[in-house]
Amino acid sequence: IEAGTGRYASTAEQGGKFVRAVTTGPNLLSVPFEQADWRVETVFGTIPWIRARTYEGGAWQTNNPSGSASLRTLDRTTGIWIELGANATWTVAGLVPRSTTIPLAAGWNLVGYPSMFRQFASSLTVNLRNGAVEGFATLPPYYLTRLPPAGTVEAGNGYWVYTADAGHTLTFNN
(Lines give C-alpha, C1' and ligand atoms only; values in the text may rest on other atoms or scores of the structure.)
Protein backbone atom coordinates (compact mmCIF):
# COMPACT_ATOMS: atom_id res chain seq x y z
CA ILE A 1 0.00 0.00 0.00
CA GLU A 2 1.37 3.37 -1.00
CA ALA A 3 1.89 5.69 1.94
CA GLY A 4 -0.53 8.59 2.09
CA THR A 5 -2.76 7.48 -0.81
CA GLY A 6 -4.04 4.05 0.15
CA ARG A 7 -3.39 2.83 -3.40
CA TYR A 8 -1.93 -0.60 -3.89
CA ALA A 9 -0.57 -2.71 -6.70
CA SER A 10 -1.01 -6.43 -7.12
CA THR A 11 2.10 -8.49 -6.64
CA ALA A 12 3.30 -11.74 -8.12
CA GLU A 13 3.81 -13.15 -4.62
CA GLN A 14 1.25 -13.61 -1.88
CA GLY A 15 1.92 -14.62 1.70
CA GLY A 16 -0.06 -17.19 3.60
CA LYS A 17 -0.35 -18.82 7.00
CA PHE A 18 -1.38 -22.39 7.74
CA VAL A 19 -2.45 -23.67 11.17
CA ARG A 20 -3.57 -27.19 12.04
CA ALA A 21 -3.85 -29.51 15.01
CA VAL A 22 -1.45 -32.45 15.01
CA THR A 23 -1.60 -35.39 17.37
CA THR A 24 0.77 -37.51 19.41
CA GLY A 25 2.35 -40.22 17.26
CA PRO A 26 2.69 -40.29 13.46
CA ASN A 27 1.32 -37.55 11.19
CA LEU A 28 1.66 -37.33 7.38
CA LEU A 29 2.27 -33.68 6.50
CA SER A 30 3.57 -31.35 3.82
CA VAL A 31 4.50 -27.68 3.75
CA PRO A 32 2.19 -25.74 1.40
CA PHE A 33 4.28 -22.54 1.28
CA GLU A 34 7.71 -21.51 0.08
CA GLN A 35 10.02 -21.09 3.08
CA ALA A 36 13.02 -18.83 3.62
CA ASP A 37 14.59 -21.61 5.73
CA TRP A 38 13.76 -25.22 4.78
CA ARG A 39 15.68 -26.91 7.60
CA VAL A 40 13.51 -29.55 9.31
CA GLU A 41 14.00 -28.02 12.76
CA THR A 42 12.85 -24.62 11.50
CA VAL A 43 9.80 -25.83 9.54
CA PHE A 44 8.60 -27.89 12.52
CA GLY A 45 9.81 -25.50 15.20
CA THR A 46 6.29 -24.94 16.58
CA ILE A 47 5.65 -28.61 17.45
CA PRO A 48 7.34 -31.22 19.72
CA TRP A 49 8.61 -33.57 17.02
CA ILE A 50 10.61 -36.72 17.78
CA ARG A 51 11.41 -37.90 14.24
CA ALA A 52 10.84 -36.78 10.65
CA ARG A 53 11.06 -39.14 7.66
CA THR A 54 10.53 -38.95 3.94
CA TYR A 55 10.96 -41.39 1.05
CA GLU A 56 12.92 -40.16 -1.98
CA GLY A 57 14.79 -41.92 -4.73
CA GLY A 58 13.89 -45.35 -3.39
CA ALA A 59 15.32 -44.72 0.10
CA TRP A 60 14.15 -43.39 3.45
CA GLN A 61 15.73 -40.23 4.83
CA THR A 62 15.35 -39.54 8.55
CA ASN A 63 15.97 -36.75 11.03
CA ASN A 64 16.12 -37.48 14.76
CA PRO A 65 16.78 -34.25 16.69
CA SER A 66 18.80 -36.13 19.27
CA GLY A 67 20.72 -38.28 16.80
CA SER A 68 21.57 -38.77 13.15
CA ALA A 69 20.05 -36.84 10.27
CA SER A 70 20.08 -37.93 6.62
CA LEU A 71 17.06 -35.61 6.17
CA ARG A 72 18.19 -32.04 6.81
CA THR A 73 16.00 -29.93 4.51
CA LEU A 74 12.55 -30.17 2.94
CA ASP A 75 10.72 -28.49 0.08
CA ARG A 76 7.07 -28.07 -0.83
CA THR A 77 7.06 -31.23 -3.00
CA THR A 78 7.96 -33.43 -0.02
CA GLY A 79 5.54 -35.55 1.97
CA ILE A 80 6.83 -35.98 5.54
CA TRP A 81 6.05 -38.55 8.19
CA ILE A 82 6.55 -36.69 11.46
CA GLU A 83 6.23 -38.31 14.87
CA LEU A 84 5.16 -36.11 17.77
CA GLY A 85 5.69 -36.52 21.49
CA ALA A 86 2.49 -34.61 22.35
CA ASN A 87 -0.58 -33.03 20.76
CA ALA A 88 0.21 -29.60 19.36
CA THR A 89 -0.75 -26.87 16.91
CA TRP A 90 1.51 -26.60 13.87
CA THR A 91 1.83 -23.14 12.40
CA VAL A 92 3.73 -22.36 9.21
CA ALA A 93 3.79 -19.22 7.09
CA GLY A 94 5.45 -18.34 3.80
CA LEU A 95 4.91 -17.39 0.19
CA VAL A 96 2.11 -19.12 -1.72
CA PRO A 97 3.63 -20.79 -4.80
CA ARG A 98 1.98 -19.98 -8.14
CA SER A 99 2.75 -23.42 -9.52
CA THR A 100 4.61 -26.54 -8.39
CA THR A 101 5.53 -29.58 -10.47
CA ILE A 102 6.43 -32.90 -8.82
CA PRO A 103 8.14 -35.59 -10.93
CA LEU A 104 6.97 -39.15 -10.27
CA ALA A 105 8.99 -42.35 -10.40
CA ALA A 106 7.41 -45.70 -11.23
CA GLY A 107 5.91 -47.16 -8.05
CA TRP A 108 4.94 -45.36 -4.86
CA ASN A 109 5.92 -41.70 -4.42
CA LEU A 110 5.63 -39.79 -1.12
CA VAL A 111 4.58 -36.29 -2.15
CA GLY A 112 3.49 -33.01 -0.62
CA TYR A 113 0.34 -31.18 -1.59
CA PRO A 114 1.45 -27.60 -2.37
CA SER A 115 -1.93 -26.17 -3.37
CA MET A 116 -4.38 -24.19 -1.29
CA PHE A 117 -7.30 -25.69 -3.25
CA ARG A 118 -8.92 -28.99 -2.28
CA GLN A 119 -9.25 -31.47 -5.10
CA PHE A 120 -10.60 -34.95 -5.63
CA ALA A 121 -8.00 -37.69 -5.31
CA SER A 122 -8.85 -38.69 -8.87
CA SER A 123 -7.33 -35.40 -10.10
CA LEU A 124 -3.91 -36.74 -9.04
CA THR A 125 -4.28 -40.02 -10.91
CA VAL A 126 -6.19 -39.03 -14.05
CA ASN A 127 -3.15 -39.51 -16.33
CA LEU A 128 -1.47 -42.33 -14.39
CA ARG A 129 -1.64 -45.99 -15.41
CA ASN A 130 -2.96 -47.96 -12.41
CA GLY A 131 -2.84 -44.72 -10.40
CA ALA A 132 -3.73 -44.74 -6.71
CA VAL A 133 -3.57 -42.30 -3.79
CA GLU A 134 -3.16 -43.14 -0.12
CA GLY A 135 -3.55 -40.64 2.70
CA PHE A 136 -3.16 -40.57 6.46
CA ALA A 137 -5.38 -42.70 8.70
CA THR A 138 -5.23 -43.01 12.49
CA LEU A 139 -5.11 -46.81 12.43
CA PRO A 140 -1.86 -48.73 12.94
CA PRO A 141 0.24 -50.35 11.74
CA TYR A 142 0.62 -48.33 8.51
CA TYR A 143 -1.49 -45.24 9.31
CA LEU A 144 -2.67 -45.15 5.69
CA THR A 145 -5.91 -45.52 3.80
CA ARG A 146 -6.59 -45.78 0.06
CA LEU A 147 -8.51 -42.70 -1.03
CA PRO A 148 -11.51 -43.27 -3.29
CA PRO A 149 -11.68 -41.17 -6.49
CA ALA A 150 -14.09 -38.74 -4.76
CA GLY A 151 -11.90 -38.50 -1.65
CA THR A 152 -10.29 -35.10 -1.09
CA VAL A 153 -6.65 -34.07 -1.01
CA GLU A 154 -5.75 -30.79 0.68
CA ALA A 155 -3.00 -28.45 1.80
CA GLY A 156 -0.75 -29.48 4.65
CA ASN A 157 -1.13 -33.21 4.04
CA GLY A 158 1.32 -35.64 2.49
CA TYR A 159 0.19 -38.43 0.16
CA TRP A 160 1.49 -41.62 -1.35
CA VAL A 161 0.82 -41.58 -5.12
CA TYR A 162 1.25 -44.72 -7.24
CA THR A 163 1.96 -44.88 -10.94
CA ALA A 164 2.99 -47.92 -12.97
CA ASP A 165 5.17 -45.77 -15.27
CA ALA A 166 8.01 -43.32 -14.71
CA GLY A 167 8.10 -39.93 -16.40
CA HIS A 168 4.80 -38.51 -15.15
CA THR A 169 4.45 -35.30 -13.18
CA LEU A 170 1.88 -33.73 -10.89
CA THR A 171 1.33 -30.00 -11.34
CA PHE A 172 -0.42 -27.84 -8.74
CA ASN A 173 -1.53 -24.25 -9.28
CA ASN A 174 -2.68 -21.62 -6.80
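This section reports on the structure supplied with the text. All figures in this text were calculated on a predicted structure; none of them were measured in a lab.

Notes on the overall build of the protein
Move 1: Looking only at helices and strands, one finds two helices and 14 strands in the protein.
Move 2: Computed over the C-alpha atoms, the radius of gyration of the protein is 17 Å, within 12% of the 16 Å expected from 2.2 N^0.38 for a compact globule of 174 residues.
Move 3: Overall size of the protein, expressed as C-alpha extent along the three principal axes, is 60 × 40 × 25 Å.
Move 4: For the protein, the proportion of contacts with a sequence separation of at least 24, taken over those separated by at least 6, is 76%.
Move 5: Surface accessibility of the protein: about 9,400 Å² in total, with carbon and sulfur atoms responsible for 52%.
Move 6: The averaged location of the 11 negative side-chain charges in the protein is 3 Å from the averaged location of its 12 positive side-chain charges.

Brief notes about unusual backbone geometry
Move 1: Following Pro 140, the chain continues to Pro 141 via a peptide bond in cis, the omega torsion being 10 degrees.
Move 2: Within the fold, Pro 141 resides in the loop between strand 10 (132–136) and strand 11 (144–146).
Move 3: Even without being a glycine, Asn 130 presents a positive backbone phi close to 60 degrees.
Move 4: Considering the arrangement of structural elements, one finds Asn 130 in the loop between helix 2 (122–125) and strand 10.
Move 5: For Tyr 143, which is not glycine, the phi dihedral falls at a positive 60 degrees.

The rules we used
Residues numbered from 1 in each chain as written. Predicted model: local features only at pLDDT ≥ 70, side-chain atom pairs only at ≥ 80, totals over all residues. Heavy atoms only, no water. Helix = DSSP H or I, 4+ residues; strand = E, 2+ residues; numbered from the N terminus. Rg over C-alpha atoms; globule rule 2.2 N^0.38 Å. Contact = heavy atoms within 4.5 Å. Areas by Shrake-Rupley, 256 points an atom, 1.4 Å probe, with all protein chains shown as cover. Lys, Arg positive; Asp, Glu negative; His and termini not counted. Charge placed at Lys NZ, Arg CZ, Asp CG, Glu CD.

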